Every structure is written in C-alpha cells, then in structure tokens.
Amino acid sequence: MRLSEERFSKAFNASPLLMCITSLEDGRFIDANRSFCLSTGYSREELLGHTSLEMGLWKNTADRLFMKQVIEEHGTIANVESIFVTKSQQLLLGLYSAERIEIGKETCLLFIVMDITERKKIEMEMTRLDRMNMVGQVAASIGHEIRNPMTTVRGFLQVLKNKQDHEEDIEIYNLMIEEMDRANLIIKEFLSLAKDKLIQLEINNLNTIVSNIFPLLQADAMSQDKNIEVRLEKVPDLMLDEKEIRQLMQNLVRNGLESMAAGRTLTIRTFVQDRDVVLSIQDQGHGISDEVLRKLGTPFFTTKEDGTGLGMAVCYGIAQRHGANIEVDTGPSGTRFDIIFPLTTISG
Ligand code: ADP
Ligand code: MG
C-alpha cells in the first residue's frame, strides 16, 4: 500500500502537466504538483489551505462557477480553455480538465491544466503571417498598375491648374491634387507590404538611425504639444535598412502620439537585453483593448476615422524582413512596443 502510494505521489509530482487537488465546494487547495507551482509562481505552502478564488487564480471567476456546475452534474470536464493569473500577474492560457474524486469523506477535484500560452502565440503569429502573405502578393501585383496612371492624372491636373482660363477653379484643382497625393501615400504604404520587397541591409547602428530621424519626430510631437524623450544605450551594429527602420519608427511613434493626450511624453529607448538589441517605443496613451490587439497588423484594420490601418502591417513586414520580433505590452497607462533584433543577424 505504501509503495503504491509512493508511486502515485511521484507520478503526480513529476508530471509536466499542472496538477492539483482541491475541494470541490470552494476550491481549497489540498495538494499541488511541482509543475503547478512552477507555472503559477506560488509555492506549495502558499497554496495549501487557500482557495483558488482567494489566490485570484481565475481571471474570470465565472469560469470556476461554470466548472463546478459541470462537475456536479457530470462528474468530469475536459479540455476547456480558461485564463489563469500567476503570482507575478502574468496571464497563463490553459486547457484544463477536472475529475470528481472522493478523498475520505470529502468530495474533491483532481484538476489538470495544460499551459497553451506559447502555442496560442505561435498560432496567432502564423495567422498573421498568412494574412500578410496574401496582402503582400496582391500589393506586389496591382500596386504599380494603380500608381502609374495616378501619376499621369496628377501631372495633367498640375498642367491644367496652371492654365490662365482655369484660375477660377484653382481651389478645386488643389483639392484634386491633394486627394491624389493622399491616395498615392496609401498606395505607397500598401506597396511596402509587397511580399518580395527588396531591402538593402547594411551594417548600421540603431542609435544613428534614431538620432537621424529624431528631429522629424520631435517636430511632429511639438506641433501636437507632446514630448518625445530619447534614451540611447550603447548597442552593437546590426544589419539594417535605414529607410525601413525610419518608416517603422515613424509608424510606431505616430500611433503612440495619436494615442496620447497633450502634455504627455513618448519615450524611445535602445538597449541590449540577453542576446538581443531592443528598440523600444513607449507611449502614455490610452492603451490597446484585447480585441484591437488581436487584429493589430491586419492590413486596413483601423479604429481611427481617418486612419489607413496600414501602419502596423508595414511595421510587422519590416520587422520580419529584419528577422526581428515585435512585442507589445499594453495597459490603461500606455503601450510599449519592443522591436527585438537578434544579435545573430549581424554579419562579420
Ligand atoms: P492607423 O494608425 O491608420 O489606424 P495602424 O496599423 O497604425 O493604423 O494601427 C491600427 C490600430 O491599432 C489603430 O487604429 C489603433 O486602434 C491601434 N493602435 C496602434 N498603435 C497604438 C498605440 N500606440 N496606442 C493605442 N492604440 C494603438
Ligand atoms: Mg498608424
């Protein structure tokens, strides 16, 4: 009997799945295995005797209620997605299963969670890449066909505008030319989504590029009564396309500024982190909701009345061509975009 007990206890503890035993009634912890403690950040001692609701483990407490109801009716529940909150307030996306078990006189729960946070991230990244690929193909094939005739039309509008007998309509001509320019700008952005876009990677330093473009960004911010702060730490050279990095910064900074009220500050930083070089752009804006976050980078997705919804798609394209990753951290006091360039992309 003791031997078999030891076997089960070892299996329980060695399982890579997060496992715990709680009381069914109120979710009071009776035991938790090593994986459970590792992933949630709580020690066994911190958990035992407390309920999962007290510990704030369920992001949506209604999920626990739902689980309890199903267990009471059917005795078991399998593969339900739910979000858990770790000790350090990180979110853990889990697929949980639970089984009703009787221990002594008490009705308990064997609760098992598979951590799918990473898997979900990769899935979302793949969907985003798919979308980008499709748009990229369209951009490559029709972008130029639209741009050429537009250039012709704009050119002739300019000629007509300057004719003596069209002086009365000069406002109308100006408006038409402005509209052509705006359409052209959108197409230019759209074109930069082209899948097989060529870029010129050269040895360059992020700090140099940031310093070069800073006056432009600063002027933009000042005109809106907002500030930009730059904090550059020494970072190694990378293989970069300066024009593209400028575009990336412009898009991110523009979004940041647009999200902020007057008087607020946007911070641009560069630093080394582990084996990566990071370009970080942090705003003090209103943050990004979960729903918008999920769609971020989808071409033409915008929440702004006069937005094009291309800025972020372009950013993701640029990052991809540089082998860089974009990480987003957002909340009610602002959003931070980290562009993470792996050092391994340096040549020589
Ligand atoms: P656009 O700026 O033209 O709307 P983007 O692709 O640049 O297109 O951004 C898409 C959407 O993402 C924006 O409409 C906005 O809702 C959201 N967004 C992007 N960056 C931020 C930010 N820093 N703060 C808040 N919302 C943002
Ligand atoms: Mg934008």
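Model, not experiment: these values are computed from the prediction.

Q: Explain the environment of Phe-341 to me, please; I cannot follow it from the model alone.
A: Relative to the elements of secondary structure, Phe-341 occurs in strand 12 (residues 334–342). Taking C-alpha positions, Phe-341 is 8.9 Å from Arg-275, a pair spaced 66 residues apart along the chain. Residues contacting Phe-341, with those up to four places away along its chain left out, are Leu-206, Leu-238, Leu-240, Ile-245, Asp-276, Val-277, Leu-279, His-322 and Ala-324.

Q: What am I meant to see in the state of the cysteines here?
A: What is meant by a disulfide is a covalent connection between two cysteines, made through their sulfur atoms. Within this structure, the stated rule accounts for zero disulfides. Among the cysteines around Cys-108, which has no disulfide bond, Cys-20 carries the closest sulfur, lying 11 Å off.

Q: Can you walk me through helix 10 (residues 311–321) in this structure?
A: Structural remark: α-helix, 3.6 residues per turn; residues separated by three or four positions point the same way. The buried fraction of helix 10 is high, at nine of eleven residues. Within helix 10, burial applies to Gly-311, Met-312, Ala-313, Val-314, Cys-315, Tyr-316, Gly-317, Ile-318 and Ala-319. Residues of helix 10 that are buried make contact with helix 5 (117–161), helix 6 (170–191), helix 8 (242–259), strand 11 (325–331) and strand 12. In the segment just after helix 10, Gly-323 is the residue with positive phi, at about 65 degrees.

Q: Before we go on, may I ask you to explain the pairing of strand 11 in this structure?
A: Two faces, one strand: in a regular strand the side chains alternate between the faces of the sheet. Where strand 11 lies against strand 12, seven bridges are found, and the strand directions are antiparallel. From the neighbouring strand, Thr-330 faces strand 12, where its bridge partner is Thr-335.

Q: Please explain unusual backbone geometry as it appears in this structure.
A: A negative phi holds for most residues other than glycine; trans holds for most peptide bonds. In the Ramachandran plot, Asn-79 falls in the positive-phi region, its phi being about 55 degrees despite a non-glycine side chain. A positive phi angle is found at Phe-300, which is not glycine, with a value near 70 degrees. Within the secondary structure, Phe-300 sits in the loop between helix 9 (290–295) and helix 10.

Q: In this structure, what is going on with the site of ligand 1? I would like to understand it.
A: Around ligand 1 sit 21 residues in total, of which Asn-255, Thr-302, Thr-303, Lys-304 and Met-312 are the nearest. Within the side chain of Thr-302, an N or O atom sits 2.5 Å from an oxygen atom of ligand 1. Thr-303 places a side-chain nitrogen or oxygen 2.4 Å from an oxygen atom of ligand 1. Protein chains bury 94% of the 540 Å² of accessible surface belonging to ligand 1 in isolation. Elements with a contribution of two residues or more to the shell around ligand 1: helix 8, helix 10 and strand 12.

Q: Any chance you could explain the packing of helix 8 against helix 10 here in plain terms?
A: At a closest axis distance of 9 Å, the pairing of helix 8 and helix 10 adopts a crossing angle of 145 degrees. Remark: the crossing between helix 8 and helix 10 carries left-handed chirality. In this structure, helix 8 contributes Glu-244, Gln-247, Leu-248, Asn-251, Leu-252 and Asn-255 to the contact, and helix 10 contributes Gly-311, Met-312, Val-314, Cys-315, Ile-318 and Arg-321. The residue makeup of the contact of helix 8 with helix 10, split by class, is six nonpolar, four polar and two charged.

Q: When you look at the pairing of strand 1 (residues 18–23) in this model, what are you seeing that I'm missing?
A: Within strand 1, six of the six residues are buried, which leaves the element mostly enclosed by the surrounding structure. On strand 1, burial covers both faces: Leu-18, Cys-20 and Thr-22 on one face and Met-19, Ile-21 and Ser-23 on the other are all buried. Of the strand pairs in this sheet, strand 1 and strand 5 (residues 106–115) are connected by six bridges, and their pairing is antiparallel. Across the sheet, Ile-21 pairs through a bridge with Leu-110, a residue of strand 5. Where strand 1 meets strand 2 (residues 29–32), three bridges bridge the pair, whose relative direction is antiparallel. In the sheet register, Ile-21 faces strand 2, and the bridge partner there is Asp-31. Connecting strand 1 to the next strand, strand 2, in antiparallel fashion are five residues, including Gly-27 with a positive phi near 75 degrees.

Q: Even after reading the chapter, I still don't get the domain arrangement of the chain, so can you show me in this structure?
A: Frequently, the measure chosen for interface size is the accessible area removed from exposure when the parts meet. The domains assigned to the chain are domain 1 (2–115), domain 2 (117–197) and domain 3 (198–348). The distance between the C-alpha centroids of domain 1 and domain 3 comes to 40 Å.

Q: Would you take a moment to explain the sheet that holds strand 5 for this structure?
A: Backbone-to-backbone hydrogen bonds pair the strands of a sheet. The strands run either parallel or antiparallel. Pairing is antiparallel across the open sheet formed by five strands, whose spatial order is 2-1-5-4-3. With one partner strand each, in any of the chains shown, strand 2 and strand 3 (76–85) form the two edges of the open sheet. Taking each pair of neighbouring strands and ignoring which way they run, the sheet shows an average axis angle of 30 degrees. Together, strand 3, strand 4 (91–103) and strand 5 form the strand contacts of helix 5, whose direction differs from that of strand 4 by roughly 140 degrees.

Q: Any chance you could explain the sheet that holds strand 12 here in plain terms?
A: Spatially, 7-9-10-12-11 is the arrangement adopted by the five strands of the open sheet, whose pairing is mixed. One side of each edge strand has no neighbouring strand; the edge strands of this open sheet are strand 7 (227–232) and strand 11. Strand after strand, the sheet turns through a mean of 15 degrees between neighbouring axes, direction not considered. Note that strand 10 (residues 276–282) and strand 12 share seven bridges and pair antiparallel. Directly across from Ile-281, in strand 12, lies its bridge partner Phe-337.

Q: How should the pattern of salt bridges be read in this particular structure?
A: Where side chains of opposite charge bring their charged atoms close, a pairing between them can arise. Tallying each qualifying case throughout the model produces 15 salt bridges. The salt bridge involving Glu-118 is made with Lys-121; its shortest N-O contact spans 3.5 Å. Separated by three residues within a single helix, Glu-118 and Lys-121 lie in helix 5, roughly one turn from each other. With a relative accessible area of 52%, Lys-121 lands in the exposed category. Each of Glu-25, Lys-68 and Glu-72 takes part in one network of salt bridges that share partners.

How each quantity is defined
- Residues numbered from 1 in each chain as written.
- Chains lettered and ligands numbered in written order.
- Predicted model: local features only at pLDDT ≥ 70, side-chain atom pairs only at ≥ 80, totals over all residues.
- Heavy atoms only, no water.
- Helix = DSSP H or I, 4+ residues; strand = E, 2+ residues; numbered from the N terminus.
- Contact = heavy atoms within 4.5 Å.
- Disulfide = S-S within 2.5 Å.
- Buried < 20%, exposed > 50% of the residue type's maximum accessible area, 1.4 Å probe, protein only.
- Pairing = 2+ DSSP bridges.
- Near = heavy atom within 4 Å.
- Polar contact = N/O pair within 3.5 Å; in protein donor to acceptor, adjacent residues only side chain to side chain.
- Areas by Shrake-Rupley, 256 points an atom, 1.4 Å probe, with all protein chains shown as cover.
- Axes fitted to C-alpha atoms, helices over the stretch in contact; angles between N-to-C directions.
- Left-handed = near helix turned anticlockwise from the far one by under 90°.
- Nonpolar A, V, L, I, M, F, W, Y, C, P; charged D, E, K, R; others polar.
- Domains from an automatic or database assignment.
- Salt bridge = Lys/Arg side-chain N within 4 Å of Asp/Glu carboxyl O.

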